[in-house]
Amino acid sequence: MSQRWELNGLLQRRLWIVTGKGGVGKTTIAAALGMMASRQGLKTLLVETHGLSHLAELFEVPEVGYEPKSFKNGLSLIRLDPEAAFEEYVLRQIKFQFLYNAVFNNKYVKHFIDAAPGLAELLTIGKIWSLVEDEARKGKKPEFDLVIVDAPSTGHSLSLLTVPQVVVDAVRVGPLKNNAQEILALIRDPLKTLTWVVTLPEEMPVNEAVEMEEKLENQAKVAVGPIVLNSLWPQVLGKDSLQELKKAKIENPMVHLYRQRVDQSDFYREKLQERLKKRQILELPLIYQQKSPIRIAEALCEAMRTQLMGVKP
Amino acid sequence: MTPESKKIGLQGLLEKKKVLICCGSGGVGKTTTSAALALYASSIGYKTIVLTIDPAKRLANSLGIQKIDYQEKEIPKSELKKAGVEPKAPLFAMMLDTKRTFDDLIVKYAPDEAKAEAILQNKLYQHLSNMIAGSQEYMAMEKLYEVVQDRDYDLVVLDTPPSRHALDFLDAPNKMSAMLGDSVMKWFLKPSLFVGKNSLQLLDRSVKRVFKAFDKIAGFEFLQDLSQMLVSVSGLLEGFQERAQKVELLLHDKDTGFLLVAAPESIPLREAEYFYRKIQENALPFSGFIFNRVQGVPKGPATPPTGLKARTQSEYQEMVYLFKTLAHNDEVEIANFQERMEFSKNGIVFKIMPQLDHDVHDLAGLYELGGKLFSEGPK
Ligand SMILES: Nc1ncnc2c1ncn2[C@@H]1O[C@H](COP(=O)(O)OP(=O)(O)OP(=O)(O)O)[C@@H](O)[C@H]1O
Ligand SMILES: Nc1ncnc2c1ncn2[C@@H]1O[C@H](COP(=O)(O)OP(=O)(O)OP(=O)(O)O)[C@@H](O)[C@H]1O
Ligand SMILES: [Mg+2]
Ligand SMILES: [Mg+2]
């Protein structure tokens, strides 16, 4: 029997990480999830992890920086920046700005972060951790109930989630190691952190989703939430209509292509179900009635709510 | 819109270019486009090779390159003929590996085996090697250089990995040498670190400060590990840098052209714009845009055939609306994009590949797409 998620349970987590192959709809789904959470009254922070995230653009608001910025009831946005995160982190440890400036000339920092393997990822996941846990560690109420990360595509997301373990293994003692352990404690706590794998009804996205699910569970050891099967072909022709068209021998190229698209969606839906038996799969249609990315996200938010609240449409 | 006179076809491009590099964001069809382009080029008489990255299994099978063995494989004429292609020149394919690649670089540029082994065995290296930014992209470039240099193809088509950090591969060699050249890094490269914590007293004040800061953050032992690894890697740098420079020359050569593959949707097109600017910034020879998977309206009566139930009629109408909307949206996105980009340069190819009604994993499908790429029609 496959796992069943229910909206309230999902919303009790503190951190959602949205991942999947390039171009499958991660940013759109992250936005839709943000809409869903804030509608339930949660103070929600959406996180852009890389320069090309386009969340601000989707919400039609000005670009944001390294400070969370509220732009709509209950929804805030932040864009992470490894250089700023580096400075913030080092300052936490050495506490003197003048020393930081003396040691880390800006130019060096950029090169250093660019070139040091895994450092940008470590800084990113470290900042995400502090966005989730900072206040709680000081015994305060967190500023955000839920943090949603629009993560990079599969491989890079996996680096993000596995780099703390690398640090724990490679570094013997010191604050770096302690921090990495704290990050692991957050992302490996299934009551706090969930990943959302987004995919499409096509061969490579489905394969990659299946692989990702396995690696998230076994390699990164992070809990996997619902799988989002996005952009299914809209079934505008009901069974009866299709049958009638068939009987009347109406087989023009349009009807033919329509059937082909439906068949392809069905084929990959079944394949995904077959290969991820224990997961709940949310099925989202290709939205053709809306054009702007924000309207598409709204429509997808509705569709996910319906499926997670168990309400029959 | 670009004036028609400023556009040139792919055919014109082939007369000028020896290397075509297909780049773009994830899943837009880089691999498919590269293969289609190569197949078509060979069919009109160019001896061509496509260097492909992570193709779908069935596509690899169709190209006869199931294994990653860095072998150039000729696609048998008989296979091509079966798919309805009458090749005028031979077509080759080769699969590039994007994994475990940094090890190869170490082996290649280490002065001797022992040195290479020392690095490969370094614990820290093992942990970090598969995270080195841009190394995968860089490997593709290395192979490209080799093939262009040592063989006599008329055309080499290079597929690129889905690079989140657009065009990482171009920066990879620079990044590596910038890091090792930096003053902060130079301190790490000093053998004094191996002596132990006490040797800190011998260092001058500013250096000592740096180490104190690092020590506080990462712990002294970690710094030693890091230093040790960097010392061994830095020995390879010379060869690495030299080659990187040659690769860079090749990328900037006038015989090379970058093609940007994009999906006709608003967010992906923003990304294509970013890629385009990056290519401009790097002064790379840009050759054109290919919009892939553009939806068309299939033929069929736009009004439902008469005599159907009312419900069937209205659903049929909705289907027509669905197809028309999808096609219209794509058209609008592409038009907006063109307007935004204000192409000013002559000689930029601008092509549309339609969404086929099936996945493109066989030679016949690739040939069909290739035909569209090379058609000189209005779209
Ligand atoms: N269900 C849907 N119906 C219609 N359009 C959609 C749907 N889901 C996503 N899109 C559109 O598809 C495009 C790609 O989506 P998006 O940018 O969210 O993907 P992504 O996975 O974040 O891509 P990248 O890997 O490049 O970051 C966008 O233009 C988006 O509006
Ligand atoms: N014009 C098209 N019509 C129909 N299907 C297509 C078309 N172009 C590509 N596809 C299909 O889309 C999928 C993705 O294409 P492809 O693998 O070429 O993308 P890519 O950009 O190389 O992806 P990645 O970034 O993951 O390397 C493949 O299954 C391919 O068959
Ligand atoms: Mg995105
Ligand atoms: Mg590819």
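Residues numbered from 1 in each chain as written. Chains lettered and ligands numbered in written order. Predicted model: local features only at pLDDT ≥ 70, side-chain atom pairs only at ≥ 80, totals over all residues. Heavy atoms only, no water.

J.: Give me the lowdown on the site of ligand 1, citing residues and values where you can.
T.: Around ligand 1 there are 20 residues in total, and Lys26, Thr27, Thr28 and Ile287 of chain A together with Glu265 of chain B lie nearest to it. Near ligand 1, the surrounding residues belong to chains A and B. Within the backbone of Gly25 of chain A, one N or O atom sits 2.9 Å away from an oxygen atom of ligand 1. The backbone of Pro285 of chain A places a nitrogen or oxygen atom 3.0 Å from a nitrogen atom of ligand 1. Burial of ligand 1 by the protein amounts to 93% of the accessible area it has alone, namely 640 Å². (Near = heavy atom within 4 Å. Polar contact = N/O pair within 3.5 Å; in protein donor to acceptor, adjacent residues only side chain to side chain. Areas by Shrake-Rupley, 256 points an atom, 1.4 Å probe, with all protein chains shown as cover.)

J.: Describe the nonpolar core, naming the residues involved and giving the relevant values.
T.: Residues and elements named next belong to chain A. Ranked by size, the top nonpolar core spans 70 residues in total, and within it Leu15, Ile125 and Leu176 carry the most contacts. Looking at this core element by element, the count peaks at eight residues for helix 7 (residues 119-137). Not counting residues within four places of it along the chain, the set of residues in contact with Leu15 comprises Ile128, Val132, Leu146, Val147, Val149, Leu186, Ile187, Lys192, Thr193 and Leu194. Among the nonpolar cores identified, the runner-up in size contains 43 residues, and Leu55, Val64, Leu300 and Cys301 belong to it. (Core = buried A, V, L, I, M, F, W, Y, C linked by side-chain atoms within 4.5 Å. Buried < 20%, exposed > 50% of the residue type's maximum accessible area, 1.4 Å probe, protein only. Helix = DSSP H or I, 4+ residues; strand = E, 2+ residues; numbered from the N terminus. Contact = heavy atoms within 4.5 Å.)

J.: Can you lay out helix 13 (residues 293-308) of chain A for me, pointing to particular residues and giving the numbers?
T.: Residues and elements named next belong to chain A. Under the 1.5 Å per step criterion, the end-to-end length of helix 13 is 22 Å for 16 residues, consistent within 8% with the ideal 22 Å. Ile294, Ala297, Leu300, Cys301, Ala303, Met304, Arg305 and Leu308 are the residues of helix 13 that are buried. Considering only its buried residues, helix 13 is in contact with helix 1 (7-11), helix 2 (26-39), helix 3 (55-58), strand 6 (193-199), strand 7 (224-232) and strand 8 (281-285). Directly beyond the C-terminal end of helix 13, a positive phi value near 65° is found at Gly310. (Expected span 1.5 Å × (residues − 1).)

J.: Go over the environment of Ser130 of chain A with me, naming the residues and quoting the values.
T.: Within the secondary structure, Ser130 of chain A sits in helix 7. For the pair formed by Ser130 of chain A and Ile183 of chain A, sequence separation is 53 residues and the distance between their alpha carbons is 8.7 Å.

J.: Can you lay out the pattern of salt bridges for me, pointing to particular residues and giving the numbers?
T.: Scanning all chains against the criterion turns up 30 salt bridges over all chains. Ionic pairing is found between Glu298 of chain A and Arg295 of chain A, a salt bridge with its closest N-O pair at 3.1 Å. Of the two residues, Glu298 of chain A and Arg295 of chain A are both situated in helix 13; the distance of three residues between them amounts to about one turn of the helix. Assessed through its relative accessible area of 38%, Arg295 of chain A is described here as partly exposed. Linking Glu273 of chain B and Arg340 of chain B is a salt bridge whose minimum nitrogen-to-oxygen distance equals 2.8 Å. Of this pair, Glu273 of chain B sits in helix 15 (residues 266-281) while Arg340 of chain B sits in helix 16 (residues 310-341), and the two are 67 residues apart along the sequence. (Salt bridge = Lys/Arg side-chain N within 4 Å of Asp/Glu carboxyl O.)

J.: Help me get a handle on the packing of helix 11 (residues 239-247) of chain A against helix 16 of chain B, residues and values and all.
T.: Packed helix pairs are specified by the crossing angle of their axes together with the interaxial distance, meaning the distance between the axes. The interhelical angle for the contact between helix 11 of chain A and helix 16 of chain B, taken along N-to-C directions, is 95°, at an axis separation of 9 Å. Regarding the angle of helix 11 of chain A to helix 16 of chain B, the classification is roughly perpendicular. Facing helix 11 of chain A, whose interface residues are Ser241, Glu244 and Leu245 of chain A, helix 16 of chain B presents Arg311, Thr312, Glu315 and Tyr316 of chain B. Broken down by class, the residue content of the contact of helix 11 of chain A with helix 16 of chain B amounts to two nonpolar, two polar and three charged. (Axes fitted to C-alpha atoms, helices over the stretch in contact; angles between N-to-C directions. Parallel < 35°, antiparallel > 145°, perpendicular 65-115°, else oblique. Nonpolar A, V, L, I, M, F, W, Y, C, P; charged D, E, K, R; others polar.)

J.: Break down helix 6 (residues 113-121) of chain B for me, citing the residues and quoting the values.
T.: All names here are of chain B. Within helix 6, burial applies to Ala116, Ile119 and Leu120. Buried positions in helix 6, seen along its axis, are confined to an arc of 100° and lie on one side of it. N-capping of helix 6 is provided by Asp112, with a side-chain oxygen placed 3.1 Å from the backbone N of Ala114. (Arc of directions from axis to C-beta.)

J.: Quick one: what's the story with the pairing of strand 5 (residues 155-159) of chain B, residue by residue and with numbers?
T.: Residues and elements named next belong to chain B. In terms of burial, strand 5 is a largely internal element, five of the five residues being buried. A two-sided burial pattern is seen for strand 5, the buried positions comprising Leu155, Val157 and Asp159 on one face and Val156 and Leu158 on the other. Relative to strand 5, strand 2 (residues 48-53) runs parallel, the two being bridged by four bridges. Within the sheet, the bridge partner assigned to Leu51 lies in strand 5 and is Leu158. (Pairing = 2+ DSSP bridges.)

J.: Outline the confidence of the model for chain B, listing residues and values.
T.: Detailed reading of the predicted coordinates is not advisable wherever pLDDT is low. Taken as a whole, chain B shows an average pLDDT of 79; of its residues, 75% reach a score of 70 or greater. Among the scores for the predicted complex, ipTM is 0.88 and pTM is 0.88. (pLDDT = per-residue confidence, 0-100.)

J.: Would you mind going over the pairing of strand 6 (residues 256-262) of chain B in detail, with residue names and values included?
T.: Residue and element names in this part refer to chain B. With seven of its seven residues buried, strand 6 lies for the most part within the structure. Here strand 6 shows a buried face lined by Thr256, Phe258, Leu260 and Ala262 and a second buried face lined by Gly257, Leu259 and Val261. As defined by bridge partners, strand 1 (residues 19-23) adjoins strand 6 across five bridges and the pair is classed as parallel. The residue of strand 6 that forms the bridge with Leu20 is Gly257. Pairing geometry for strand 6 and strand 7 (residues 286-294), over five bridges, is parallel. When the sheet's bridge partners are listed, Leu260 is paired in strand 7 with Phe289. Each parallel crossover has a hand, and for strand 6 linked through helix 15 to strand 7 it is right-handed. (Right-handed = clockwise from strand over helix to strand, strands pointing away.)

J.: Got a sec to walk through the side chain of Glu202 of chain A? Specific residues and values, please.
T.: Along the polypeptide, Glu202 of chain A turns up in the loop between strand 6 and helix 10 (203-220). Setting aside anything within four residues of it in sequence, one finds Glu202 of chain A in contact with Gln264 and Tyr268 of chain A together with Arg293 of chain B.

J.: Any details on the sheet that holds strand 4 (residues 75-79) of chain A? Residues and values, ideally.
T.: All names here are of chain A. Ordered in space as 3-4-2-5-1-6-7-8, the eight strands form an open sheet in which the pairing is mixed. At either end of the open sheet lies a strand with only one pairing partner, and these are strand 3 (69-72) and strand 8. Across the sheet, the mean angle from the axis of one strand to that of its neighbour is 25°, orientation sign disregarded. In terms of strand pairing, strand 2 (residues 44-48) meets strand 4 through five bridges, oriented parallel.

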